[in-house]
Amino acid sequence: MLPIIIFIVGIIFRVSVKKAIISGITVGIGMIGINLVINVLTTNVGPAAQAMVERFGLNLTIIDAGWPAVSAGTWAQPIAAVMIPVILVVNLIMLALNRTKTLNIDIWNYWHVSSVAATGYIVTGSFFFGILCGILFSIIILVIADKTAPKVQEYYGLEGISITTGSAQGYAILALPVGWVLDRIPGLNKLDVKPETIQKRFGIFGEPMIMGIIIGMFLGLLGGYDLIGILQIGMNMGAVMFLMPRMVKILMEGLIPIQEGAQKLLQSRYGDREIYLGMDAALATGSPAALSTGLLMVPITLFLAVILPGNHVLPFGDLATIPFFAALVVPSRRGNILTSVISLTIVMAFALLMATNFAPVLTEMAQGIVKFPEGAAQITNLDTGGNFLKWIFLKLSELVAQVM
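Rules and cut-offs
- Residues numbered from 1 in each chain as written.
- Predicted model: local features only at pLDDT ≥ 70, side-chain atom pairs only at ≥ 80, totals over all residues.
- Heavy atoms only, no water.
- UniProt positions renumbered as here; feature names shortened; annotations may be inferred.
- Axes fitted to C-alpha atoms, helices over the stretch in contact; angles between N-to-C directions.
- Helix = DSSP H or I, 4+ residues; strand = E, 2+ residues; numbered from the N terminus.
- Parallel < 35°, antiparallel > 145°, perpendicular 65-115°, else oblique.
- Left-handed = near helix turned anticlockwise from the far one by under 90°.
- Contact = heavy atoms within 4.5 Å.
- 1 Å grid on protein atoms, 1.4 Å probe; cavity = no way out; pocket = protein on both sides within 12 Å on 5 of 7 lines; lining within 4 Å.
- Points joined across faces, edges and corners; volume = space filled by probe spheres on them.
- Buried < 20%, exposed > 50% of the residue type's maximum accessible area, 1.4 Å probe, protein only.
- Pairing = 2+ DSSP bridges.
- Phe/Tyr/Trp six-rings, centres within 6.5 Å; stacked < 30°, edge-to-face > 60°.
- Lys NZ or Arg CZ within 6 Å of the ring centre and 35° of its normal.

- In the nomenclature of an unreviewed UniProt entry, the chain corresponds to PTS system, galactitol-specific IIC component from the organism Enterococcus hermanniensis.
- As recorded by UniProt, the Subcellular location (unreviewed entry) comment attached to the chain reads in full: "Cell membrane".

Listed below in structure tokens is the structure:
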């Protein structure tokens, strides 16, 4: 669908038919490339995480089934299909009223909004209240996308882009104030652990591909892999670090004509008004800092799951998704891997507790839709269950249900 959507948006913004077609196809190819690299990431990190779980004998009762299970459960709800046109209409109305600069063309990630609507519907039994939750969440996503867009564009070099992925925003909402506090801790605020600084101080070991190899080998070591396995996962993570920025660059080549056309049209009508194209947090994984932060958070998340009082979630399915959670955190930390990891570690502690609390609703949402992992009576995930914004809507829904 993405190339078709890009083509239609291009025509609306008066880009020539030829340019609109080439842009759509280029964006589609770029997204295929990104998905290929993400597949390398997930097929390596997933087994390594499972090996860590087995090796350290983690025994928790609620399984993190990952975002695919929850998204499948979301789309199976009767309210989900209704939400697609609702989300589009809300976005267009806000654009027309100049209440947002973001045109959210990341249709696939509309499921994040639909999951909030489905939560409201399941908890209260009210179709109307579910749609209301979805509308409010749509507005919140657009507002956060606008607010974070300047730093996203500056740090990642994604001109005219904002990130509208609900999971990335949910983690950022808690991580940003944590980062503000970290900036005021003497000593810690002087430590500059950026890929560029590492490269400057440690030479070849600061190269993104070498960082990927080292982190990958570390994950393999924790998973108890043999030497060949450690070297293989190291090379694969090095490949992810090297290839992802190039895939993002291809996708951006396709978006540039659309962005230019949008700016030209808006300037002719509204003067200096800007417009951002809302895109997937996958674009941020082209950053070595975001990927490094996400990969380092895998063993940290497993460690937190073991020691955190009140947690019943066994992290698994969404461990490979953590680099997406870092998408809006890393720019706010100016690429500092150390403070990004500290911020996300604190947020992840809350995320595990929220995911534990969210489990009954997510289990009901996915019941009969997806096959539960062996031995799992309840499922949850970090993407939705551990998302602060979505958890707030869960609590709101529970309050409304009590009143009803």
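### Here's the deal with the packing of helix α2 (residues 17-55) against helix α11 (residues 288-307)
- Where α2 meets α11, the axes come as close as 10 Å, and the angle between the chain directions of the two elements is 20°. The angle between α2 and α11 places the two elements in the roughly parallel class. Crossing of α2 against α11: the hand is right-handed. In this structure, α2 uses Leu41, Val45, Ala49, Met52 and Val53 to contact α11, whose residues at the interface are Leu291, Leu295, Val298, Pro299 and Leu302.

### Remarks on the side chain of Thr339
- The topology assignment puts Thr339 in helix α14 (residues 337-366).
- Discounting residues that sit within four places of it in the chain, Thr339 has contacts with Leu182, Leu188 and Arg333.

### Some details on the layout of surface pockets
- Volume-wise, the largest pocket comes out at about 780 Å³.
- Taken together, 33 residues line the largest pocket, and the ones lying closest to its centre are Asn35, Ile38, Trp67, Trp108 and Asp280.
- At the level of secondary structure, the elements contributing two or more residues to the lining of the largest pocket comprise α1 (2-12), α2, α3 (67-75) and α5 (110-124).
- As a volume, the second largest pocket reaches approximately 550 Å³.

### Some words on the pairing of strand β4 (residues 276-279)
- Here β4 shows two buried faces, one formed by Tyr276 and Gly278 and the other by Leu277 and Met279.
- As paired strands, strand β2 (residues 102-104) and β4 are joined by three bridges and run parallel to one another. Along β4, the bridge assignment pairs Asn104 with Gly278.
- Judged from the three bridges that link them, strand β3 (residues 161-163) and β4 form a sheet pairing that is parallel. Bridge pairing in β4 links Ile161 to Leu277.

### Description of the packing of aromatic side chains
- Following the criterion strictly, the structure yields four aromatic pairs and no others.
- Ring centres of Tyr121 and Phe127 lie 5.6 Å apart, and the angle between their planes is 80°; this geometry places the pair in the edge-to-face category.
- On the basis of an interplanar angle of 75° and a centroid distance of 5.2 Å, the ring pair of Tyr155 and Tyr156 is categorised as edge-to-face.
- Residue classification places Tyr155 among the partly exposed residues on the basis of a relative accessible area of 26%.
- Assessed through its relative accessible area of 15%, Tyr156 is described here as buried.
- One cation-aromatic arrangement involves Arg246 over Phe242; the distance from NZ or CZ to the ring centre is 3.8 Å.
- When the ring centre of Trp111 is taken as origin, the NZ or CZ atom of Lys390, which lies over that ring, is 4.7 Å away.

### Examining the sheet that holds β4
- Spatially, the three strands line up as an open sheet ordered β2-β4-β3, and their pairing is parallel. Taken across any chain shown, the strands that pair with only one partner, and hence form the sheet edges, are β2 and β3. When strand polarity is set aside, the average angle formed by the axes of neighbouring strands in this sheet is 35°.
- Docked against the sheet, helix α6 (residues 127-156) engages β2, β3 and β4, running at close to 125° with respect to β3.

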